[in-house]
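# Structural overview
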Amino acid sequence: MDIKHYSIIIQWDNRDKIFIVRVPELPGCISHGQTYEEAFQQGQDAIDSWLLVAQQEGRAIPSPKIIAA
């Protein structure tokens, strides 16, 4: 599988005291972590899992968004 770089959004959830991770290009790809670093790693793992399942199920894999500077 080609390596693709997806956007991740990490936000602090004050109610649950965790960092929430969302991957906008991959519907339903959400994770969390107790620290920013853990959340980032969990996000990377969630991306890998999402892509693996999509590939196994023969679903289309969205391309990463390109953000112009």
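Let us look at the structure shown here. (Residues numbered from 1 in each chain as written. Predicted model: local features only at pLDDT ≥ 70, side-chain atom pairs only at ≥ 80, totals over all residues. Heavy atoms only, no water.)

## Observations concerning the overall build of the protein chain
Put simply, the rule reads: The secondary structure listing takes helices from DSSP runs of H or I that are at least 4 residues long and strands from runs of E that are at least 2 residues long, numbered from the N terminus. Remark: exposure states derive from per-residue accessible area (1.4 Å probe, protein chains only) relative to the maximum for the residue type, with buried under 20%, exposed over 50%, and partly exposed in between. Residue contacts are counted whenever heavy atoms from the two residues lie within 4.5 Å of one another. In this tally, Lys and Arg are treated as positive and Asp and Glu as negative; His is ignored, and so are the chain termini. For charged residues, the charge sits on one atom: NZ in Lys, CZ in Arg, CG in Asp, CD in Glu.
Within the protein chain one finds 1 helix and 3 strands. Each helix (α) and strand (β) of the protein chain, taken in turn from the N terminus, gives the series β-β-β-α. For the protein chain, the C-alpha atoms occupy an extent of roughly 35 × 30 × 15 Å along the three principal directions. When burial is assessed residue by residue, the protein chain has 29% of its 69 residues classed as buried. Taking all contacts inside the protein chain whose residues are at least 6 apart in sequence as the whole, residues at least 24 apart take part in 30%. Between the mean site of the 6 positive side-chain charges and the mean site of the 9 negative ones, the protein chain shows a separation of 8 Å.

## What about the pairing of strand S3 (residues 30–33)?
Worth spelling out the cut-off: At least two DSSP bridges between two strands are required for those strands to pair.
Burial of S3 is one-sided: the residues Ser31 and Gly33 facing one way are buried, the residues Ile30 and His32 facing the other way are not. In terms of strand pairing, strand S2 (residues 18–22) meets S3 through 4 bridges, oriented antiparallel. Its bridge partner being in S3, valine 21 is matched across the sheet by serine 31.

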